[in-house]
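Architecture and fold: a report
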Amino acid sequence: MSGTARAESVQANPFEGYWLSQGHDGVFKIGTCGDTVCGHLVGLQYEGTDVPRDKKGNSECNLLMLTDFRASSDEGGRWNGKILDPDTGSVYQAQIWSPRKDVLKLRGYIGLPLFGETQTWTRYQGTIGLVCKMPH
């Protein structure tokens, strides 16, 4: 990919930055991964020093959960990709879009978006401690 095309795809990512999940129990860092948009879990609510683990026993700190998001050609402003559920190891189809500044909608689904659930995430301005620990 040429430098110009790459710069345009990076600039076209309205989701760049940190996002607080709907349940306020996770922070995701969304950015550009090659020619797609992806997101890592970088902040977690947990007690003590034991970082939560996924189904395979791996740390959820910096876990890649949002992958392969690309702008949809037929749905203005929506991006299609995949989301990982770390508790089950299942990967679902997903859409993200931003209906207004500092708000991100994420819809995970199986088959058709109609059969899914939408969450509302907000831009995160807080801090994240060592080993992805969010302040209480």
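As a reminder, the structure under discussion sits directly above these lines.
This one's a predicted model, so the numbers in the text were calculated from it and none came from an experiment.

A word on the overall build of the protein. Per the secondary structure count, the protein includes 1 helix and 8 strands. Along its sequence from the N terminus, the protein presents helices and strands in the succession α-β-β-β-β-β-β-β-β. Its C-alpha radius of gyration of 15 Å places the protein within 12% of the 14 Å reference for a compact globule of 136 residues. Taking the principal axes of the C-alpha coordinates as reference, the protein spans close to 45 × 35 × 30 Å. A total of 136 residues make up the protein; the buried ones form 35% of that total.

With antiparallel pairing, the 8 strands of this closed barrel are ordered in space as E1-E2-E3-E4-E5-E6-E7-E8. Along the sheet, successive strands turn relative to each other by an average axial angle of 35 degrees, direction set aside. Sheet topology places strand E1 (residues 17-20) next to strand E8 (residues 116-123); 2 bridges connect them, and they run antiparallel. From the neighbouring strand, leucine 20 faces E8, where its bridge partner is threonine 122.

A contiguous nonpolar surface patch, about 370 Å² in accessible area, is contributed by Leu112, Leu114 and Phe115. As for its placement among the helices and strands, leucine 114 is situated in the loop between strand E7 (103-109) and E8. Leucine 114 gets classed as exposed once you look at its relative accessible area, which sits at 65%.

A separate point is the pattern of salt bridges. As enumerated under the stated definition, the model contains 3 salt bridges in all. Where arginine 70 meets aspartate 35, a salt bridge forms, and the shortest distance between an N and an O atom there is 3.4 Å. Within this pair, whereas arginine 70 is found in strand E4 (residues 63-71), its partner aspartate 35 is found in the loop between strand E2 (26-33) and strand E3 (36-44), the two being separated by 35 residues in sequence. For arginine 70, a relative accessible area of 43% corresponds to the partly exposed category. Since its relative accessible area comes to 42%, aspartate 35 is described here as partly exposed. For lysine 101, the salt bridge goes to aspartate 102, with nearest N and O atoms at 3.6 Å. Put simply, Lys101, Asp102 and Arg123 are held in one network by salt bridges that share partners.

Let's shift gears to the packing of aromatic side chains. Evaluation of the coordinates by the stated rule reveals 2 aromatic pairs. Judged by centre distance (5.5 Å) and plane angle (90 degrees), the ring pair of phenylalanine 15 and tryptophan 79 falls under edge-to-face. Of this pair, phenylalanine 15 sits in the loop between helix H1 (3-11) and E1 while tryptophan 79 sits in strand E5 (residues 79-84), placing them 64 residues apart in sequence. Taken individually, phenylalanine 15 and tryptophan 79 each receive the classification buried, so the pair is uniform in this respect.

Analysis parameters
- Residues numbered from 1 in each chain as written.
- Predicted model: local features only at pLDDT ≥ 70, side-chain atom pairs only at ≥ 80, totals over all residues.
- Heavy atoms only, no water.
- Helix = DSSP H or I, 4+ residues; strand = E, 2+ residues; numbered from the N terminus.
- Rg over C-alpha atoms; globule rule 2.2 N^0.38 Å.
- Buried < 20%, exposed > 50% of the residue type's maximum accessible area, 1.4 Å probe, protein only.
- Pairing = 2+ DSSP bridges.
- Axes fitted to C-alpha atoms, helices over the stretch in contact; angles between N-to-C directions.
- Patch = residues over 30% accessible without salt bridge, like charges linked within 9 Å, V, L, I, M, F, W, Y side chains within 5 Å.
- Areas by Shrake-Rupley, 256 points an atom, 1.4 Å probe, with all protein chains shown as cover.
- Salt bridge = Lys/Arg side-chain N within 4 Å of Asp/Glu carboxyl O.
- Phe/Tyr/Trp six-rings, centres within 6.5 Å; stacked < 30°, edge-to-face > 60°.

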